[in-house]
Amino acid sequence: MTQDGSPGTGVSRRTGTPTSRWRTRRPLPPALALCVAVVYPVTVLLFRMRYRYAERFPRTGPVLLVANHVSVLDPLACARLVWDCGRVPHFLAKESVFTGLAGRILRAAGQIPVARGRADARTSLAAAEADLAAGNVVVIYPEGSVTRDPDWWPMEARTGVARLALTTDAVVLPVAQFGPQRLHDYHTKKLHPRLRTTADYLVGEPVDLTDLRAQVRAGRPLTGDLLREVTDRMMASVRDQLAELRGEPAPTTTTPHPRRTLPGDLPGSAA
């Protein structure tokens, strides 16, 4: 339960990372092994990772990890969380990242590009659905970009995540994160170089969508209202966890998503 990994949390008392029994990853393809070899040491230098309730992370089976977005460095720290919990993260990321050699490596490592345009965005969702059907962990930031809330609370989320949650059998795992923004402040566009910046993570209880999934299987259409209801249910859980993580009450209102596309946005409904 505590950040330092006290007994019963499934984490190491010394490091705050899950113990060896969490190591459930399969052999890695070369591209993914290369990504781990590069990213893991970087996260060790940049972040001092602190986890709460890491034992809630499923050891096997499909997981749709839903998190708030506070920094462009979030994927590095969140990838470390998933890896430390014995799983391999597959991120939905903007298509512009998948260019050149790095793009080829990311694709080979199982990462999923989000294309521009509604039709292409649906293709990205289909790829994520296939990934979940294969039993993998898919990470998505429903806000679509770093929050524009001045106090780093989650802003209004896009609804593509709800479609994934309703049309798959994945465990919907809400995760709150706080800290990477201290290293790179998206609002001021400033990098604050320092080593071992604290990054706190709280893994929540899975979001129960049994009732709505049954209705969809019975023929209920995926209307905009339904997708918004499910998205808001998931993000409410993330927001409540973030309040617990920060030790302060969450605001009663949500910052709207910016109307114009800004650098760092994930376009389309997939985000």
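Computed from a predicted model, the values in this text were never measured in an experiment.

Here is what the cut-offs are and how they apply
- Here, residues in each chain are numbered from 1, in the same order as that chain's written sequence.
- Selection of residues for local features in this predicted model requires a pLDDT of at least 70, selection of side-chain atom pairs for listing and counting requires 80 or more, and totals for whole chains, interfaces and linings are taken over all residues.
- Only hydrogens and water are set aside when side-chain values are computed; all heavy atoms of the structure are taken into account.
- Buried Ala, Val, Leu, Ile, Met, Phe, Trp, Tyr and Cys residues form a nonpolar core when they are joined through side-chain atoms within 4.5 Å.
- A 1.4 Å probe rolled over the protein chains alone gives each residue an accessible area, and that area as a share of the maximum for its type sets the label: buried under 20%, exposed over 50%, partly exposed in between.
- Every residue pair with non-hydrogen atoms within 4.5 Å of one another is taken to be in contact.
- Only when DSSP finds a minimum of two bridges between them are two strands counted as paired.
- In this text, helices come from DSSP runs of H or I with a minimum length of four residues, and strands from runs of E with a minimum of two, each type numbered from the N-terminal end.
- Note on method: axes are straight lines fitted to C-alpha atoms, helices fitted across the in-contact stretch only, with angles between N-to-C directions ranging 0 to 180 degrees.
- We define a polar contact as two N or O atoms separated by no more than 3.5 Å, with the added condition that, inside protein, one atom must be a possible hydrogen donor and the other a possible acceptor, whereas residues neighbouring each other in sequence contribute only through side-chain atom pairs.
- By definition, no residue in a patch forms a salt bridge, and every one has over 30% relative accessible area; like charges are joined within 9 Å, nonpolar side chains (Val, Leu, Ile, Met, Phe, Trp, Tyr) within 5 Å.
- Each accessible area is a Shrake-Rupley estimate made with a 1.4 Å probe; only the visible protein chains count as cover when residues are assessed.
- By definition here, a salt bridge exists when the distance from a side-chain nitrogen of Lys or Arg to a carboxyl oxygen of Asp or Glu is within 4 Å.

Peer 1: Explain the nonpolar core to me, please; I cannot follow it from the model alone.
Peer 2: The nonpolar side chains of a soluble globular protein tend to be buried, and buried together. One finds Leu64, Val66, Leu92, Val172, Val230 and Met234 to be the most contacted residues of the largest nonpolar core, which totals 28 residues. Not counting residues up to four positions away in its chain, the partners in contact with Val172 are Leu64, Val66, Ala165, Pro206, Val207, Leu209, Arg213 and Met234. Counting residues in each nonpolar core, the second largest holds 26 residues, with Val82, Phe91, Ala199 and Tyr201 among its members.

Peer 1: What's the story with the sheet that holds strand S1 (residues 47-52) in this structure? I'm lost.
Peer 2: Note on sheets: strands pair through backbone hydrogen bonds, and any given pair is parallel or antiparallel. Taken in spatial order, the 7 strands line up as S1-S9-S6-S2-S5-S3-S4 in an open sheet, and their pairing is mixed. Of all the strands in the sheet, just S1 and strand S4 (112-114) have a single pairing partner and so form its edges. When the angles between neighbouring strand axes are averaged without regard to direction, this sheet yields 25°. Inspection of the sheet shows strand S2 (residues 63-67) paired to strand S6 (residues 171-178) by 5 bridges, in the parallel sense. Across the sheet, residue Leu65 finds its bridge partner in S6, namely Leu173.

Peer 1: Looking at this model, I keep getting lost on the side chain of His90. Mind explaining?
Peer 2: Note on placement: His90 falls in strand S3 (residues 89-94). On the basis of relative accessibility, which here comes to 9%, the residue His90 falls in the buried class. There is a polar contact of 3.4 Å between the side chain of His90 and the backbone oxygen of Gly110. In this structure His90 touches Ala109, Gly110, Gln111, Asp131, Asn136, Val137, Val138 and Val139, once residues within four positions along its chain are discounted.

Peer 1: Would you take a moment to explain a nonpolar patch on the surface for this structure?
Peer 2: The grouping of Leu34, Val38 and Val42 at the surface amounts to a nonpolar patch, some 230 Å² of accessible area in total. Along the chain, the position of Val42 falls in helix H1 (residues 30-46). By relative accessible area, which is 32% here, Val42 ends up partly exposed.

Remember, this is a structural readout, not a statement about activity or role.
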